[in-house]
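Residue-level structure breakdown
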Amino acid sequence: MEYRLLGRTGVKVSPLCLGAWNFGDPTPESEAVRMIHKAMEGGINIIDTADEYIAGESERIVGKALAGGRRKRVILATKFHFQMSQDVNDQGNSRHHIMNAVEASLNRLQTDWIDLYQVHRPVFDVPQDETLRALDDLVRQGKVRYIGCSTFPAWMVMEGIAISERYGWVRYVTEQPPYNLLDRRIENELVPLALRYNIGLLTWSPLATGVLAGRYQHPARTPEDSRASRIGGYLAERVTAAGIAAAGHVAELAQRCSLTSSQLALLWAKDQPAVTSTIIGPRTEAHLDDALPVLDLKLDPEIARAMDQIVPPGSAVADFHNTSGWMKGAV
């Protein structure tokens, strides 16, 4: 397996990242711990979670799984931003919230440091210099090693880099955007920016909420155990008729490659330009078992061209930016 540099750092990470959103609900703790250990044994060395996942339960489970000597073998990433309590200041990207949030995450994760601390979403009423100065202090204190952002518009990533360069502060080494065959809009501005400034992309939802795995036959009839049914709302909105039709074509290509639909969709996402690691979010060990072989695969250029015919570069047939707070384009 080829490990990749995490942005412009010297840290090498696996091309698949284990996402922990499901851990604690619906994935039971015991199964989640087994999955973390299996992923590590399979070659994955980066785990991504967030303080708001299951109200901190995901971080707690990850911390428990990494006890006993495993912590140093993993690049551990977590995120802050979303509201964690009724306190009006227990949210957002202010210095006040960051300093409190990092201590809570360190405690739940049972660790002295966070390898990659990420701003989970942008805000537009707090200057980035407040956020970046706080993050710079955390790096100088040794509590954080690198910083990143998630689901930022390209201009805001560039603004953050410029602020850091101006003041000599730590700068973003990664951005974590939604990216799959059904929503390719980051290719228009974010991907060129990432290539120009060596920003590593840790992309999420490579299977498009399971649409590209063939989980859905109709947008209005979703399986009871699917995320679209369990959570509804913004997730259900991402399941579109056009996306389901595209998934059918992906399934045909996957058969030609002797892969499952989910493996081909994941392989496509993993091998796109500027992608450092794509985040898998398995709910079960079977999902993880399906994903792990992709670590050793390379996307055939002919298949890549065929995928471009299904959904052209830079376009979208489903909206995976519908929680960004800034994307205005309709799908």
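One can find the structure itself at the top, above this paragraph.
For every chain, the first residue of its written sequence is number 1, and the numbers climb from 1 along that sequence. Thresholds applied to this predicted model are a pLDDT of at least 70 for local features of residues and 80 or more for the giving and counting of side-chain atom pairs; totals over whole chains, interfaces and linings are not thresholded and use all residues. Computation of side-chain values: all heavy atoms of the structure, hydrogens and water removed.

**Comments concerning the pattern of salt bridges**
Basic side-chain nitrogens of Lys or Arg form a salt bridge, by our definition, when they fall within 4 Å of a carboxyl oxygen of Asp or Glu. Throughout the structure, instances matching the rule amount to 24 salt bridges. Where Arg-171 meets Glu-165, a salt bridge forms, and the shortest distance between an N and an O atom there is 3.7 Å. A salt bridge links Asp-183 to Arg-185, with the nearest nitrogen and oxygen atoms 2.7 Å apart.

**Concerning the sheet that holds strand E4 (residues 46–48)**
The pairing criterion for strands is at least two bridges between them, as found by DSSP. Numbering goes from the N terminus for both helices and strands, where a helix is a DSSP run of H or I of at least four residues and a strand is a run of E of at least two. Strand order around the closed barrel formed by eight strands is E3-E4-E5-E6-E7-E8-E9-E10, with parallel pairing between neighbours. Neighbour-to-neighbour, the strand axes of the sheet open up by a mean angle of 30°, direction not taken into account. Bridge analysis of E4 against strand E5 (residues 75–80) gives three bridges, and the strand direction is parallel. The residue bridging Asp-48 from the neighbouring strand is Ala-77, located in E5. Axes here refer to lines fitted to C-alpha atoms; in helices the fit is confined to the stretch in contact. Angles between the N-to-C directions go from 0 to 180 degrees.

**Here's the deal with the packing of aromatic side chains**
The criterion for an aromatic pair is that two Phe, Tyr or Trp rings (for Trp, the six-membered ring) have centres within 6.5 Å, with stacked assigned to planes under 30 degrees apart, edge-to-face to planes over 60 apart and tilted to the rest. Enumeration over the complete set of coordinates arrives at six aromatic pairs. When the centroid spacing of 4.9 Å and the interplanar angle of 40° are considered together, the rings of Phe-80 and Tyr-117 count as tilted. With Phe-80 in strand E5 and Tyr-117 in strand E6 (residues 114–119), the pair connects residues that are 37 residues apart, well separated along the chain. Both residues of the pair, Phe-80 and Tyr-117, count as buried. Measuring from centroid to centroid gives 6.0 Å for Phe-152 and Tyr-172, while their planes differ by 75°, and the two rings are edge-to-face. Throughout, exposure labels follow a simple rule: accessible area from a 1.4 Å probe, protein chains only, divided by the maximum for the residue type, with under 20% read as buried, over 50% as exposed, and the rest as partly exposed.

**Considerations on the side chain of Asp-137**
The residue Asp-137 is located in helix H4 (residues 128–141) in this model. Residue classification places Asp-137 among the buried residues on the basis of a relative accessible area of 13%. Here, residues are in contact when the closest pair of their heavy atoms is within 4.5 Å. If near-sequence neighbours (up to four positions away) are discounted, Asp-137 is found in contact with Arg-95 and Met-99.

**Some thoughts on empty space enclosed by the protein**
Cavities and pockets were defined on a 1 Å grid built over protein atoms only: a cavity is a set of grid points that admits a 1.4 Å probe from which the probe cannot escape, a pocket is an open set flanked by protein on both sides within 12 Å along at least five of seven lines, and lining residues are those with an atom within 4 Å of any such point. Grid points are joined across faces, edges and corners, and a volume is the space filled by probe spheres set on the points. Per the counting criterion, the structure on display carries one cavity of 30 Å³ or more. Here the largest cavity is characterised by a volume of approximately 50 Å³. Contributing to the lining of the largest cavity are Asn-93, Val-119, Pro-122, Val-123, Val-126, Gln-128, Thr-131, Phe-152, Met-156 and Tyr-172. When residues are sorted by character, Ala, Val, Leu, Ile, Met, Phe, Trp, Tyr, Cys and Pro go into the nonpolar class, Asp, Glu, Lys and Arg into the charged class, and all the rest, Gly among them, into the polar class. Across the lining of the largest cavity, the residue classes tally to seven nonpolar, three polar and no charged.

**Structural notes on the packing of helix H5 (residues 154–167) against helix H6 (residues 190–197)**
Running from amino to carboxyl end, H5 crosses H6 at an angle of 25°, the nearest separation of the two axes being 9 Å. With respect to their mutual orientation, H5 and H6 come out roughly parallel. Where H5 crosses over H6, the two elements pack in a sense that is left-handed. Residues Ala-154, Val-157, Met-158 and Ile-161 of H5 form the contact with H6, whose participating residues are Leu-190, Leu-193 and Tyr-197. Grouping the constituent residues of the contact of H5 with H6 by class yields seven nonpolar, no polar and no charged. Roughly parallel covers angles under 35 degrees, roughly antiparallel covers those over 145, roughly perpendicular covers 65 to 115, and oblique covers all other angles. Handedness of a helix crossing follows the sense of rotation of the near helix relative to the far helix, less than a right angle counterclockwise being left-handed and clockwise being right-handed.

**A look at unusual backbone geometry**
At the junction of Asp-25 and Pro-26, the peptide bond is cis and its omega measures out at 15° in the coordinates. The backbone of Gln-110 sits at a positive phi, close to 55°, despite the residue not being glycine. Within the element layout of this structure, Gln-110 appears in the loop between helix H3 (95–109) and E6. According to the relative accessible area criterion, Gln-110 is exposed, its value standing at 53%.

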